[in-house]
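Each chain, letter by letter, is given below.
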Amino acid sequence: MRTTTRTLRAAAVTTGAALLFAAVAASPAVASPGRNALPGSQPAWANAKALRSAAPATDTVDLRVYLPWQNQAQAAATALAVSTPGSASYRHYLTPQQFRQQFAPAQSSVVAVQQFLRSAGFNIVDTPSNNRYVSAEGTVAQAQNAFGVTLGEYDAYGTTLRAPESAVTIPASLNGIVESVAGLDQGADLIAPSNTNGNGPNQVHGAPSAGFRAGQPCSLWYGEKTVAMPNAPAYGTSSKPIAPCGYTPAQVRGLYGLDSVAATGAGQTVAFVGATASPTIVQDVTKYSSLHNLPAPKITQIVAPGVYKLPDTPKQTPGDFYGEETLDAEAIHSMAPDASLLYVASSNARQDFDASVNHIVDKHLASILSISYGFAGEAVPQGFINSLNNTFIQAAATGIGVFVSSGDSGDEVGNFGSPQVDFYADSPWVTAVGGSSASVVPTGAAPAGLGYGSVDDPSSALNQNGWKRSFEVGWQTGLDAVKPTATDHITSAPYELDGTFAAALPGNFNGGGGGGVSKIFAQPSYQAAAVGSASGRLVPDISALADPNTGLLVGQTQTFSNGTYYDEYRIGGTSVAAPLTAGMAAVANQLAGAPLGFLNPRIYGAYSAGGSAYYDVDQKDMFGSALPSVLRVNYVDSESAAGGLSYSLRTQETPSQTLHSTKGYDTATGVGTPNGASFFAAITK
């Protein structure tokens, strides 16, 4: 999921978001007399070696003081009961008002927090109706005095971030009332969406301001074009399929059998969240729909109450995030073309991201929520963990299904030195969506007479029913550059590259779906019963298309060297997988005639029952050592062949990761991917 650079368009695009934290030994929390320390309140990256200076006393601090649910255990038990088939409470969801009455923090507790903050000089910004937090605005000096800490500025991940130099403390009178404080540190500045075009040596995320196009030649479907590579044989063959140009909505619907299901998400609302808001989102998705045989979208955009109206942080550029919003909307719309879309925006620093999620849940603005953001790894300040996980409990209890991208850095060994899963996907109250690499082919004879212009012709076979899955494997890309030569022939068929590989196969790891075993969340009962016991919550639960080399075609207004206008490109990442799955959940809700809510107990129940609900993603048994791979052509300048071409072989599921798709449940792809009508029949029982 999730570190960001500003070079997104130079790669095959992937989406999903995350924040990197290096794990360090935490110092014991020591509070002065009359005060209590909040454990886990100092970020791991805020260590003595990284400290550079004191934070300016007059700098603005935007924070949220979180209060715990009353009777937290009962809230969780209720959430599980209403979500579990066979329970007497199954699908008897609480209304938001009922949830507040039973579990919301007492008003007296809220007043105590507000009085404490006001006495320290803070201005109260907002308290939502479920009393989850009190948001406030003040200065560094006021925050230091209120919370008994010194705020310093630290070098962290190539930027300067503010954080407490010791554990945050609160007056003893607030012990048991305050759960955590979010916003004293600026760790949220690092969160980014999990999308990538997969072109660079590292995963890149966010929406590029510069234009990007998939390099040609590219295939109109998997294997439509092949290239001879006589001097670079790989995995038992010297001929390779050329990477697809980007699958159209019709092709992805065929991949998951939606063309055989009599439902389109009608009557459902799917919400999604993100940083900033694209000014061209409606016109872009409308244009995309007209070109790809979809109905016009129904999109609403709002900002949650109390979101800070301060200038965007200079550490991030708003346009970097337009692509994520556009991708989410187009992915959901492709799967559920008649569903309504709701976008709830936060600032580009995502200081307000938790407020956006809470607003959707507490006001029950949608029955499905797609999230393509999160943190890389689990060494996350407790405030972030508490703030979102407890909101996810309310979502489940009130019948909202939350779908979260599992991350785009595979097992995270490259970032942390050992396998880790990512937060938010590790929460046991969300459906963690992993990534696959897919081959989509015609159901019958290959359509004739198609060219690149056919991609945007709504009447062409590329935008009609008639597509199916050939295979899926786990998304764990290995990238190996192919050296260009003077004898290469790539302008027309038959295609041939005469160069050799720049390195040994499978090349460098270039991104993959997140997965593994959580170290902070216990394994939930619904999972253990289906797949066996584990030391922690297993990620992911289910998977969908995410490989940027076999990715989704999306369209967006972009800036090219000859102007700013709408164009299309191929994108991937678990930020594709999550909204695709959320769209399929909308279809399931329509088929069921009522919201299905938190789907995990049903997902694992269908898995335990056997049958054909899932396509078992199993590279090991399907391919053995003959690993599937594609040859990818890139434009060096991201726009056209005039700037030159580069070539690379992309191994679709590299053996260099610890995550591998095998028979049955695995931490590469979970239970597998949805298998058309059988999936919907099983999930809606």
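Residues numbered from 1 in each chain as written. Predicted model: local features only at pLDDT ≥ 70, side-chain atom pairs only at ≥ 80, totals over all residues. Heavy atoms only, no water.

Caption draft 1: Main features of the overall build of the protein. Helix and strand content of the protein: 15 helices and 32 strands. The C-alpha radius of gyration of the protein comes to 24 Å, within 12% of the 26 Å expected for a compact globule of 685 residues. Dimensions along the principal axes, computed over C-alpha positions, put the protein at roughly 80 × 55 × 45 Å. Out of the 685 residues in the protein, the part that is buried amounts to 62%. Nonlocal contacts in the protein, meaning residues at least 24 apart in sequence, comprise 80% of its contacts between residues at least 6 apart. Just so you have it, the protein exposes about 22,000 Å², and 53% of that area is on carbon and sulfur atoms. For the protein, the distance from the average site of its 34 positive side-chain charges to the average site of its 47 negative ones is 4 Å. (Helix = DSSP H or I, 4+ residues; strand = E, 2+ residues; numbered from the N terminus. Rg over C-alpha atoms; globule rule 2.2 N^0.38 Å. Buried < 20%, exposed > 50% of the residue type's maximum accessible area, 1.4 Å probe, protein only. Contact = heavy atoms within 4.5 Å. Areas by Shrake-Rupley, 256 points an atom, 1.4 Å probe, with all protein chains shown as cover. Lys, Arg positive; Asp, Glu negative; His and termini not counted. Charge placed at Lys NZ, Arg CZ, Asp CG, Glu CD.)

Caption draft 2: Expanded view of helix 13 (residues 600–608). All of the buried residues in helix 13 are N600, P601, R602, I603, Y604 and A606. Residues of helix 13 that are buried make contact with helix 1 (72–83), strand 19 (431–442), helix 11 (525–531), strand 29 (614–615) and helix 15 (676–683). Two residues or fewer after helix 13 comes G610, characterised by a positive phi angle close to 75°.

Caption draft 3: A look at the sheet that holds strand 4 (residues 60–66). Strands sit in the order 5-6-4-10 across an open sheet of 4 strands; the sheet is antiparallel. Each edge of the sheet is formed by a strand with only one pairing partner; in this case those strands are strand 5 (123–126) and strand 10 (180–182). Going from strand to strand, the sheet's axes swing by 30° on average, the running direction of each strand aside. Summarising the sheet, strand 4 and strand 10 pair through 3 bridges and their orientation is antiparallel. Note that in strand 10 the partner of Y66 across the bridge is S180. (Pairing = 2+ DSSP bridges. Axes fitted to C-alpha atoms, helices over the stretch in contact; angles between N-to-C directions.)

Caption draft 4: How the structure looks around the state of the cysteines. Per the stated rule, a full pass over the model turns up 1 disulfide. Each sulfur in the disulfide pair C218 and C245 lies 2.1 Å from the other. Judged by the sign of its S-S torsion, about 95°, the cystine formed by C218 and C245 is right-handed. Taken as a pair, C218 in the loop between strand 11 (195–197) and strand 12 (226–228) and C245 in the loop between strand 13 (239–241) and helix 5 (249–255) lie far apart in primary sequence, 27 residues in all. Look at C245 and you get buried, because its relative accessible area is 9%. (Disulfide = S-S within 2.5 Å.)

Caption draft 5: The arrangement of helix 15 in detail. Buried within helix 15 we find G676, F679, F680 and I683. Taken down its axis, helix 15 places every buried residue within 95° of arc, on the same side. Buried residues along helix 15 sit in contact with strand 26 (542–545), helix 12 (574–592), helix 13, strand 29 and strand 32 (673–674). (Arc of directions from axis to C-beta.)

Caption draft 6: Looking closely at the pattern of salt bridges. Taken as a whole, this structure holds 8 salt bridges when the rule is applied. A salt bridge links R100 to D362; the nearest nitrogen and oxygen atoms lie 3.0 Å apart. Highlighted residues: R100 in helix 2 (residues 96–103) and D362 in helix 8 (residues 353–362), separated in sequence by 262 residues. By relative accessible area, D362 is classed as buried at 2%. (Salt bridge = Lys/Arg side-chain N within 4 Å of Asp/Glu carboxyl O.)

Caption draft 7: Examining the packing of aromatic side chains more closely. As enumerated under the stated definition, the model contains 24 aromatic pairs in all. The interplanar angle of 50° and the centroid separation of 5.0 Å between the aromatic rings of F99 and F103 together place this pair among those described as tilted. Residue F99 and its partner F103 are both found in helix 2; the two are separated by 4 residues, about one turn of the helix. There is no split in this pair, since F99 and F103 are both buried. Seen in terms of ring centroids, W429 and F598 are 6.0 Å apart; in terms of plane orientation they differ by 45°. Their pairing is tilted. In this pair, W429 is assigned in the loop between helix 10 (413–416) and strand 19 and F598 in the loop between helix 12 and helix 13, connecting sequence segments 169 residues apart. Each member of the pair, W429 as well as F598, is classed as buried. Chaining the aromatic ring pairs together yields one cluster made of F353, Y373, F375, F392, F423, Y424 and F521. The ring of Y133 has R64 lying over it, and the distance from NZ or CZ to the ring centre is 5.1 Å. (Phe/Tyr/Trp six-rings, centres within 6.5 Å; stacked < 30°, edge-to-face > 60°. Lys NZ or Arg CZ within 6 Å of the ring centre and 35° of its normal.)

Caption draft 8: Structural context of the environment of A522. Position of A522 relative to the elements: it lies in the loop between strand 24 (516–517) and helix 11. The spatial distance from the C-alpha of A522 to the C-alpha of V149 is 32 Å, given a sequence separation of 373 residues. For A522, the residues in contact, after removing those within four places along its chain, are G536 and R537.

Caption draft 9: Summary view of the pairing of strand 28 (residues 563–572). The element strand 28 is largely enclosed, with a buried count of 7 among its 10 residues. Sheet topology note: the strand 27 (residues 552–560)/strand 28 ladder contains 9 bridges and is antiparallel. Of the residues in strand 28, the one forming a bridge with V554 is Y569. What sits between the antiparallel neighbours strand 27 and strand 28 is a turn of 2 residues.

Caption draft 10: The arrangement of the side chain of R537 in detail. Inspection of the secondary structure assignment puts R537 in the loop between helix 11 and strand 25 (538–539). There is a polar contact of 3.0 Å between the side chain of R537 and the backbone oxygen of V430. Within the structure, the side chain of R537 is placed 2.7 Å from the side chain of D541, a separation counted as a polar contact. (Polar contact = N/O pair within 3.5 Å; in protein donor to acceptor, adjacent residues only side chain to side chain.)

Caption draft 11: Representation of empty space enclosed by the protein. Per the counting criterion, the structure on display carries 4 cavities of 30 Å³ or more. Approximately 80 Å³ is the volume attributed to the second largest cavity. Every residue lining the second largest cavity is counted, 13 residues in all, and those nearest its centre are G40, S41, V181, Q382 and G383. At the level of secondary structure, the elements contributing two or more residues to the lining of the second largest cavity comprise strand 10 and helix 9 (382–397). Taken together, the residues of the lining of the second largest cavity break down into 6 nonpolar, 5 polar and 2 charged. (1 Å grid on protein atoms, 1.4 Å probe; cavity = no way out; pocket = protein on both sides within 12 Å on 5 of 7 lines; lining within 4 Å. Points joined across faces, edges and corners; volume = space filled by probe spheres on them. Nonpolar A, V, L, I, M, F, W, Y, C, P; charged D, E, K, R; others polar.)

Caption draft 12: Local environment of the pairing of strand 16 (residues 340–346). With 6 of 7 residues buried, strand 16 is to be regarded as a mostly interior element. Pairing analysis gives 6 bridges linking strand 15 (residues 298–303) to strand 16, with the strands arranged parallel. In the strand pairing of strand 16, I299 is matched with L341.

Caption draft 13: Broad picture of unusual backbone geometry. That bond from A493 to P494 is cis: its omega, 0°, falls within 30 degrees of zero. Looking at where P494 falls in the secondary structure, it is placed in the loop between strand 21 (476–482) and strand 22 (495–496). Cis geometry marks the peptide bond from L505 to P506; its omega dihedral reads 5°. Relative to the helices and strands, P506 is located in the loop between strand 22 and strand 23 (508–512). Phi is positive for H364, which is not a glycine, with a value near 50°. Positionally, H364 belongs in the loop between helix 8 and strand 17 (368–371). Relative accessible area serves as the criterion here: at 30%, H364 is assigned to the partly exposed category.

That is the geometry; function is a separate question.
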